[in-house]
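Residues per chain are reported as follows:
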Amino acid sequence: MRRPIALVVLTLCVVVVATGAPLAPSEPAAAQTDADWRGAGADADDELGLSADEGLSDAELEAVVERSMVRIESIRGVEFEERPSVTVVTREEFRSEYAGLGANPPEDRAAFENAKLRALFLVGGDENATAVQNENMDTAVAGFYSSETAEIVLVSNAEEPRVNELTLAHELVHAYQDQEWGLAGYDSRTQDGSSAELGLIEGDAVYLETLYEQRCGEEWECLIPADAEPGEGEQPDQPANLGLLLLDFYPYDSGPTFIESVHEAGGWAAVNDLYDEPPVTTEQVIDPAAYPADQPRDVAIEDTNSGDWERLEPDTGPDYDRLGMAAVTTMFINPLYDSGGQDWVIPADEWFTYEGSEPPAYGAFEYGHEYATGWDGDRLHVYENSEEIGYVWRLAWDSPDDADTFAAGFDDLLAYWGGERVEPDTYRIDDGGYEGAYHVTVDEETVTITHAPTVDALAAVSGDARPGTGGSPGETADEPTREDGDGDDAEDTGDALPGFGIPVALATLAIAAYLLVRRR
């Protein structure tokens, strides 16, 4: 899921947990060296004779972990340096001990994130983005790896915690990535940049997990509990916000497709090379042909705010964001889920990539939809006036046609959320989480969206956002509002963004069931 992966790498010994009493986070202990963990002589073909639907003793869990590590080594052609700690907890224990995975950003950063997610029509102004994200994580996480503690935590929905070997394998890949490349080094400060890095990191883990699963039941005995997926007629616990899950799921769906294309072209050596030159945009992950040559355009916004409106410049992280192709598509597909499949901006048959009822292991969703195709860069600035929030979001496109296509889709999106056109370039939403005014300017290959609480306040947020002065969606503006310039899209080198996505862990999201249900 998302954003900066600023992780501190520590090493703990394996902590195996007997089922039963509530579990606390593991205490640091001495590292397990290569010789230590290999002492048991585990083999990929070992049959342990364990039941996937029962809890494991300390010794049994240790044997499963060692066997899984050897299996990953055999598929990937690598060697683990150390064995990470592995803890198994129930869902309730996870919510108690690891609630939200520590998301608690400072007030100014939280306000910026609220505005960003509001710009994407994912979290309304009447919601708190931090709280919503935490609730999603408490529901959806099946396991995570923390580079800060070198610990894997597996989350079981059963009263007696059970190990899902596929989730274990996924998180062991993250442990290997951390040992080999140091995940703390992948710390892009923008939504798009961090999501691109996660496309590599999670894509590699999902792709290898898929190859692992293909051998289960054929070559290998594997522990996959019966409750790993909802049974017929059952529904998983509803997450707090499906739109955010759509955004968080992108690296698990598009990422492995990207890794597969690189692996098929150049083998594991080519995949390893990606860690030295990771993708920098979600476009490069969604469309592997764009990697690495298609770099994002630097998009500039001149601050022309006035009156009591001030630029929001958080003390932590950058004072701007680049949202990217995956976020743009998520914005347009969210109505399909928000309406329970009854209304949409992107119809289901343009979102799901497969026919029938059986989804592929990955690549089930079209995160590079037509409305996002041709994305060439974007930039978001946030402004505040006491308790009120406004923003300017400028998107660059490969061509005027691409810009017009996006703007026409945005017109439909505003209509879905209750928008009424009050001027050719200005809309108003009167109620709901996204109420306020929206000014949309189309200037050749650039689209600029300005949001303010009222139509009258638009020009105070941006002097260029005066109703009636810009082109409406599908048209070219008579008076261009694009600010030319070099821009400043270099990655910020300040503190990592705290509290959003997973700042201290990489998680396996058990959310496909939520997102695929609209296919039926």
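Here the structure is shown first, and the text comes after it.
Residues numbered from 1 in each chain as written. Predicted model: local features only at pLDDT ≥ 70, side-chain atom pairs only at ≥ 80, totals over all residues. Heavy atoms only, no water.

### A closer look at the overall build of the chain
Secondary structure assignment for the chain yields 13 helices and 11 strands. Within the chain, the proportion of its 520 residues that are buried is 58%. Of the contacts formed within the chain by residues at least 6 apart in sequence, a portion of 78% connects residues at least 24 apart. (Helix = DSSP H or I, 4+ residues; strand = E, 2+ residues; numbered from the N terminus. Buried < 20%, exposed > 50% of the residue type's maximum accessible area, 1.4 Å probe, protein only. Contact = heavy atoms within 4.5 Å.)

### Looking at the packing of aromatic side chains
Across all of its chains, the model carries 29 aromatic pairs by this definition. With centroids separated by 6.1 Å and ring planes inclined at 55°, the aromatic side chains of phenylalanine 94 and phenylalanine 144 adopt a geometry described as tilted. Placement of the pair is phenylalanine 94 in helix α3 (residues 91–97) and phenylalanine 144 in strand β2 (residues 141–146), with a sequence separation of 50 residues. Residue classification places phenylalanine 94 among the buried positions, given a relative accessible area of 0%. Ring centres of tyrosine 207 and tryptophan 268 lie 5.9 Å apart, and the angle between their planes is 55°; on these two criteria the pair is classed as tilted. Of this pair, tyrosine 207 sits in helix α7 (residues 191–215) while tryptophan 268 is found in helix α8 (residues 242–274), placing the two residues 61 residues apart along the sequence. In this pair, the class of tyrosine 207 matches that of tryptophan 268, namely buried. What links up through ring pairs into an aromatic cluster is the set Phe121, Phe332, Tyr371, Trp397, Phe406, Phe410, Tyr416, Trp417, Tyr434 and Tyr438. (Phe/Tyr/Trp six-rings, centres within 6.5 Å; stacked < 30°, edge-to-face > 60°.)

### A few points about the nonpolar core
The biggest cluster of nonpolar side chains holds 115 residues, and the ones touching the most others in it are Phe121, Phe332, Trp351, Trp393, Phe406 and Phe410. A per-element tally of this core places α8 first, with 14 residues. Filtering out sequence-adjacent residues up to four positions away, phenylalanine 332 remains in contact with Val345, Ile346, Tyr371, Phe406, Gly409, Phe410 and Leu413. By size, the runner-up hydrophobic cluster in this structure holds 11 residues, among which are Ile301, Tyr383, Leu458 and Ala460. (Core = buried A, V, L, I, M, F, W, Y, C linked by side-chain atoms within 4.5 Å.)

### Describing a negative patch on the surface
On the surface, a cluster of negative charge is contributed by Asp43, Asp45, Glu47, Glu218 and Glu219. By the secondary structure assignment, glutamate 219 is in the loop between α7 and α8. (Patch = residues over 30% accessible without salt bridge, like charges linked within 9 Å, V, L, I, M, F, W, Y side chains within 5 Å. Areas by Shrake-Rupley, 256 points an atom, 1.4 Å probe, with all protein chains shown as cover. Salt bridge = Lys/Arg side-chain N within 4 Å of Asp/Glu carboxyl O. Lys, Arg positive; Asp, Glu negative; His and termini not counted. Charge placed at Lys NZ, Arg CZ, Asp CG, Glu CD.)

### Topic: unusual backbone geometry
For the bond from tyrosine 291 to proline 292, the omega torsion is -5°, close enough to zero to count as cis. Among the secondary structure elements, proline 292 is positioned in the loop between α9 (282–286) and β4 (310–311). Phi at alanine 150 is positive, roughly 50°, even though this residue is not glycine. Relative accessible area serves as the criterion here: at 7%, alanine 150 is assigned to the buried category. One non-glycine residue, serine 386, adopts positive backbone phi at about 60°. Mapped onto the fold, serine 386 is located in the loop between β5 (375–385) and β6 (388–397).

### As for the side chain of asparagine 164
Positionally, asparagine 164 belongs in the loop between β3 (151–156) and α6 (165–181). Take asparagine 164: its relative accessible area is 17%, and that puts it in the buried class.

### A few points about the environment of aspartate 287
For aspartate 287, the position within the fold is in the loop between α9 and β4. Exposure remark for aspartate 287: the relative accessible area of 37% places this residue in the partly exposed category. Residues aspartate 287 and threonine 257, spaced 30 residues apart in sequence, show a C-alpha to C-alpha distance of 9.3 Å.

### Focus on the sheet that holds strand β7 (residues 419–423)
The strand order across the open sheet built from 7 strands is β4-β5-β6-β10-β9-β8-β7, with neighbouring strands paired in antiparallel fashion. At either margin of the open sheet sits one strand with a lone partner, and together these are β4 and β7. Pairing of β6 with strand β10 (residues 446–452), which is carried by 6 bridges, proceeds in the antiparallel orientation. Across the sheet, the residue bridging to leucine 395 is valine 447, located in β10. Each of β6, β7, β8 (426–429), β9 (436–443) and β10 is contacted by helix α11 (residues 400–416), which is oriented at about 25° to β10, the strand it contacts most. (Pairing = 2+ DSSP bridges. Axes fitted to C-alpha atoms, helices over the stretch in contact; angles between N-to-C directions.)

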